[in-house]
Amino acid sequence: MSDTSAQRVTVEITDGVADVRLARPEKRNALDPAMFAALVTTGERLRTEPGLRAVVLSGEGPDFCAGLDFGSFQAMRDGQRLSATADLPPGDGPAKATGQRAAAVWAQVPVPVIAAITGNALGGGLQVALGADIRIVAPDASLSVLEVKWGLIPDMTGTHVLPELVGRDVAKELTFTGRKVRGEEAVALGLATRVDPDPRKAALELAREIAGRNPHAVRAAKRLLESSGRVDTATQLAAEQTEIGALIGSPNQVEAVTASFEKRAPRFTD
């Protein structure tokens, strides 16, 4: 990762919780090649981070991410796609394009990812947030599938994820119009999970709560819930039985039961 990319996203890990922040507040955390590279590189690193239990994804400053920066739009007028110039680590999975990987990598991180959204989450910025498992939004946050304003479509996995969350008709309305949605409506539509006046604080509290659960059960649950609706019923139910079979009687599962009966905090191992 280049020095510029390294400065775009910061990561601090405490007690298994990764505090990941987009760190370009003077540009409203807008997406340029360096930001794309930093998001992908950070996500890929966290996929194999030992002892990781949960991730909080937020933006420095007032905004989560205002979408593509103006340099990218200017390049598009000449038929250029600056995101394609980003220096990325190797990856696997169906997401191949730079922007797709910047959003999809959070679903590939094996532990829950919680996005804390303040200010603007527009266009590509919203698509990055949609890659998280849970979205906590400020009441006055502004979310928009904004691409149509620039004559574009959501191409960072948005057309895949958005209909699953809000339904096909609502996804179409938001995409065709690019209208902005505030916190409470975002929750009502399914764009966000819940509203909180301090999304980052709420996200960190939730992450710490998750970090206190059996990490193998949490990871298994994410795997199963990610595949739900994307594989046939027989495959999903077979996977459910495989996961539960591996958990029952395992050291962490025994510890969860023992700690509950002994009325103490469990001590899990990774």
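Residues numbered from 1 in each chain as written. Predicted model: local features only at pLDDT ≥ 70, side-chain atom pairs only at ≥ 80, totals over all residues. Heavy atoms only, no water.

Draft legend 1. Fine view of the sheet that holds strand β5 (residues 120-122). As summarised here, the arrangement of the three strands in space is β5-β7-β8, forming an open sheet in which the pairing is mixed. The open sheet terminates on both sides in strands that have one partner only, identified here as β5 and β8 (180-181). When β5 meets strand β7 (residues 142-144), the two strands line up parallel, connected through three bridges. Paired with Leu122 across the bridge in β7 is Ser144. (Pairing = 2+ DSSP bridges. Helix = DSSP H or I, 4+ residues; strand = E, 2+ residues; numbered from the N terminus.)

Draft legend 2. Quick look at the nonpolar core. Ranked by size, the top nonpolar core spans 48 residues in total, and within it Leu39, Val55, Trp106, Ile117, Leu143 and Leu191 carry the most contacts. Looking at this core, the elements that each hand over two or more residues are β2 (17-22), α2 (33-47), β3 (54-59), α4 (98-108), β4 (113-117), α5 (124-130), α6 (158-166) and α7 (168-177). Sort the elements by how many residues they give to this core and α2 lands first, with seven residues. (Core = buried A, V, L, I, M, F, W, Y, C linked by side-chain atoms within 4.5 Å. Buried < 20%, exposed > 50% of the residue type's maximum accessible area, 1.4 Å probe, protein only.)

Draft legend 3. A look at the pairing of β3. Counting buried positions along β3 gives six out of six residues, so the element sits mostly inside the fold. A two-sided burial pattern is seen for β3, the buried positions comprising Ala54, Val56 and Ser58 on one face and Val55, Leu57 and Gly59 on the other. Pairing of β2 with β3 involves six bridges; the strand directions are parallel. The partner of Arg21 across the bridge, within β3, is Ser58. The parallel pair β2 and β3 is bridged by α2, and the resulting crossover is right-handed. (Right-handed = clockwise from strand over helix to strand, strands pointing away.)

Draft legend 4. Representation of the layout of surface pockets within the structure. Here the largest pocket defines a volume of roughly 890 Å³. Along the wall of the largest pocket there are 32 residues; nearest its centre are Ala107, Gly131, Asp133, Glu226 and Arg230. Counting residues per element, the ones that place at least two in the lining of the largest pocket are α4, β6 (134-137), α6 and α10 (215-227). For the lining of the largest pocket, the element with the highest residue contribution is α10, accounting for seven residues. Here the lining of the largest pocket is composed, by residue class, of 17 nonpolar, six polar and nine charged. (1 Å grid on protein atoms, 1.4 Å probe; cavity = no way out; pocket = protein on both sides within 12 Å on 5 of 7 lines; lining within 4 Å. Points joined across faces, edges and corners; volume = space filled by probe spheres on them. Nonpolar A, V, L, I, M, F, W, Y, C, P; charged D, E, K, R; others polar.)

Draft legend 5. Spotlight on the pattern of salt bridges. By the definition in use, this model includes 20 salt bridges. Linking Glu44 and Arg47 is a salt bridge whose minimum nitrogen-to-oxygen distance equals 3.3 Å. Within this pair, Glu44 and its partner Arg47 are both found in helix α2, separated by three residues, close to a single helical turn. Assessed through its relative accessible area of 14%, Glu44 is described here as buried. Since its relative accessible area comes to 23%, Arg47 is described here as partly exposed. A salt bridge links Asp92 to Arg47; its shortest N-O distance comes to 3.0 Å. Remark: Arg47 occurs in helix α2 and Asp92 occurs in the loop between α3 (70-76) and α4; sequence separation between them is 45 residues. Residue class for Asp92 comes out partly exposed when judged on its relative accessible area of 44%. (Salt bridge = Lys/Arg side-chain N within 4 Å of Asp/Glu carboxyl O.)

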